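Descriptive structure summary
The primary structure of each chain is shown beneath.
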Amino acid sequence: MEKPAIAGGTPVRNTKLFYGHQYIDEADVKAVTEVLTSDYLTCGPKVTELENRLCELTGAKYAVACSNGTAALHIAAMAAGLQEGDELITTPITFAASANCALYCGAKPVFADINPNTYNIDPKSVQEKITEKTKAVVAVDFTGQAVELEPLLAMCHEKGIVLIEDGAHSIGTKYKGKMVGSIADMTTFSFHPVKTVTGGEGGAVLTNSDELYEKLVLYRTHGITREANLLEREPHGPWYYEQVDLGYNYRLTDIQCALILSQLDKLELFQARRKEIVERYNQAFMEVPELFVQQEIPESDTTRHLYILRIRPEKLTIDRKGFFEALGAENICCNVHYIPVYYHPYYEKLGYKKGICPNAEKLYDEILSLPLYYSLTDQDVEDVICAVKKIAAFYRK
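All figures in this text were calculated on a predicted structure; none of them were measured in a lab.

The next thing to look at is helix H12 (residues 358-366). Residues of H12 that are buried: Ala360, Glu361, Leu363, Tyr364 and Glu366. Elements that come into contact with the buried residues of H12 comprise strand S14 (307-311), helix H10 (320-329) and strand S15 (367-370).

This is the structure:
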């Protein structure tokens, strides 16, 4: 007879605790309201203010705000020059957008395996996947931990490859004392509600390159420009503009920018609380032999977006699905980040097959994401720990 989903007795809590949630305060509401009663709802001063703030925060020379993290990756791939026949190397342990940005340009995504301890892309695997067709690498700061930027940059620049750091998880993270956003050729951010800082939606691309910045601005706004140095013909008058390339409407509204700016005022608070929770989780779960705690490279001072719990199925009588369901029965709602990109039916139809990245595939079978966000109380955190330990003990071999 199968054991019940609840690991004996009653659930550890009476109300559901979700894995992620935004934090909105009165300052955020006021910031948005002020824009709603202003002259500009979009293409206004808050866009420039946000871009300047992101440069001040990260140390990057330029920031280009855009509609979401996927749009940021798309225009970054375009700026890198990806086109049909090119290849882009990325990790399978990511949201599909990190690979889809290659497909949007007619290029081919190539998947490199992960480091089984840090869960980030393995530079050695990247090296093995580079061909004469490789135009760019999208290295994802999975969970918020910075990728191994130094070896990746050296490798890419030696071969004329553009390094795009997908920093959707890592705003506020530092690598060797420098903020993420100021190191790679381009870095993309996401401001989705479960991220550390939110605008409801929103994204940005940061770069130190004049040439890449010029392209990013064009691709963000239809390929249209008013800049005198980019015009190909004599202006008809002060109203004049030209479409000089094929771009997209990936603009971010002043409403969203105002919210992101207000959220950035609280970034240090968000960072501190997330680090407290991660430290408490690590302390608790390192004591449990049925669990594996994600390792961090010493170069990364991490602001964690996700907390990944990895089980050791060989030490348990249930698999990851069973552990996930048991936590749900304890009113701890988790998630899984991520299904390997090439597992998706669309990628299967493109010819991708399982077995490409064995470390990533094994990781997927063993992980789930625990609650991690600013407004978690100490009691919430202890409830999560209690539930995890309860299940691990109940299903221990």
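A word on the layout of surface pockets. Approximately 680 Å³ is the volume attributed to the largest pocket. If you go around the largest pocket, you meet 24 residues; those closest to its centre are Val217, Arg220, Thr221, Ile224 and Glu227. If you list the elements that add at least two residues to the lining of the largest pocket, you get helix H2 (45-58), strand S1 (62-66), helix H7 (210-220) and strand S10 (224-225). Looking at the lining of the largest pocket, its residues break down into 11 nonpolar, 6 polar and 7 charged. The volume enclosed by the second largest pocket comes to roughly 390 Å³. In this structure, the second largest pocket is lined by 23 residues; those nearest its centre are Phe95, Ala168, Ser190, Lys195 and Tyr338. A per-element tally of the lining of the second largest pocket places helix H3 (residues 69-79) first, with 3 residues.

Turning our eyes to something else, we now look at H10. Buried residues of H10: Arg320, Gly322, Phe323, Ala326 and Leu327, and no others. For H10, the arc enclosing every buried residue in end-on projection is 160°, short of the 170-degree limit, so these residues lie on one face. On its buried face, H10 is in contact with strand S12 (291-293), S14, H12, S15 and helix H13 (378-394). Two or three places before Lys321, at the start of H10, stands the capping residue Asp319, its side-chain oxygen 3.3 Å from that residue's backbone nitrogen. Directly after H10, the chain includes Asn331, whose backbone phi takes a positive value near 70°.

Moving on to the sheet that holds S15. Backbone hydrogen bonds hold the strands of a sheet together, and the pairing may be parallel or antiparallel. Ordered in space as S12-S14-S15, the 3 strands form an open sheet in which the pairing is antiparallel. Strands with a single pairing partner mark the edges of an open sheet, and in this sheet they are S12 and S15. Averaged over neighbouring strand pairs, the angle between their axes works out to 35° when direction is ignored. When S14 meets S15, the two strands line up antiparallel, connected through 4 bridges. Following the sheet pairing, Arg310 is matched in S15 by Ile367.

Moving on, we get to the sheet that holds strand S13 (residues 300-301). Pairing in this open sheet of 3 strands is antiparallel, and the strands run S7-S6-S13 from one edge to the other. Every other strand in the sheet has two partners, leaving strand S7 (178-179) and S13 as the edge strands with one partner each. In this sheet, S7 lies alongside strand S6 (residues 174-175) in antiparallel orientation, the contact comprising 2 bridges. The partner of Tyr175 across the bridge, within S7, is Lys178.

Helix-helix packing: each pair is described by the crossing angle between the helix axes and the interaxial distance. Interaxial distance between H3 and helix H4 (residues 97-104) falls to 9 Å at its minimum, and their mutual angle equals 45°. Considering their axes alone, H3 and H4 lie oblique with respect to each other. Remark: the crossing between H3 and H4 carries right-handed chirality. Of the residues in H4, those in contact with Thr70, Leu73, His74 and Ala77 of H3 are Ala97, Ser98, Cys101 and Tyr104. Considered class by class, the residues forming the contact of H3 with H4 number 5 nonpolar, 3 polar and no charged.

This next bit is on the packing of aromatic side chains. By the definition in use, this model includes 17 aromatic pairs. Ring centres of Tyr281 and Phe285 lie 5.6 Å apart, and the angle between their planes is 25°; on these two criteria the pair is classed as stacked. Taken as a pair, Tyr281 and Phe285 lie in helix H9 (residues 267-285) at a separation of 4 residues, close to a single helical turn. Linked through ring pairs, Phe111, Tyr342, Tyr343, Tyr346, Tyr347, Tyr352 and Tyr364 together constitute an aromatic cluster. It is Arg320 that lies over the ring of Tyr364; its NZ or CZ is 4.7 Å from the centre. Its guanidinium or amino end placed over the ring of Tyr343, Lys354 lies 4.6 Å from that ring's centre, counting from NZ or CZ.

Basis of the calculations
- Counting of residues starts from 1 at the beginning of each chain's written sequence and follows it residue by residue.
- In keeping with the predicted nature of the model, local features appear solely for residues at pLDDT of at least 70, side-chain atom pairs appear and are counted solely at 80 or more, and the whole-chain, interface and lining totals rest on all residues.
- Side-chain calculation: all heavy atoms of the structure are included, whereas hydrogens and water are not.
- A simple rule labels every residue: compare its accessible area, found with a 1.4 Å probe on the protein chains alone, to the largest value its type can have, and call it buried under 20%, exposed over 50%, or partly exposed in between.
- Counting from the N terminus, the helices are DSSP H or I runs at least four residues long and the strands are E runs at least two residues long.
- Should any heavy atoms of two residues lie within 4.5 Å, those residues are counted as being in contact.
- A 1.4 Å probe that fits into a set of points on a 1 Å grid over the protein atoms alone but cannot get out defines a cavity; an open set with protein on both sides within 12 Å along at least five of seven lines defines a pocket, and lining residues are those with an atom within 4 Å of a point.
- Grid points are joined across faces, edges and corners, and a volume is the space filled by probe spheres set on the points.
- Just so you know the grouping, Ala, Val, Leu, Ile, Met, Phe, Trp, Tyr, Cys and Pro go in nonpolar, Asp, Glu, Lys and Arg go in charged, and all remaining residues, Gly too, go in polar.
- Working note: the arc is built from the helix axis to C-beta atom directions.
- Side-chain atoms alone can form a polar contact between residues adjacent in sequence; in general such a contact is a pair of N or O atoms within 3.5 Å, and within protein one must be able to donate a hydrogen while the other accepts it.
- Only strands joined by at least two bridges in the DSSP assignment are considered to pair.
- Angles here are taken between N-to-C directions and fall from 0 to 180 degrees, while the axes themselves are lines fitted to C-alpha atoms, restricted in helices to the stretch in contact.
- Put simply, angles under 35 degrees are roughly parallel, angles over 145 are roughly antiparallel, angles from 65 to 115 are roughly perpendicular, and the rest are oblique.
- With the far helix as reference, a near helix turned anticlockwise by less than a right angle produces a left-handed crossing, and one turned clockwise produces a right-handed crossing.
- Two rings belonging to Phe, Tyr or Trp (six-membered ring only in the last case) form a pair when the distance between their centres is within 6.5 Å. Interplanar angles under 30 degrees mark stacking, angles over 60 mark edge-to-face geometry, and anything in between is tilted.
- Geometrically, a charge over a ring is one whose NZ (Lys) or CZ (Arg) sits within 6 Å of the ring centre while staying within 35 degrees of the ring normal.

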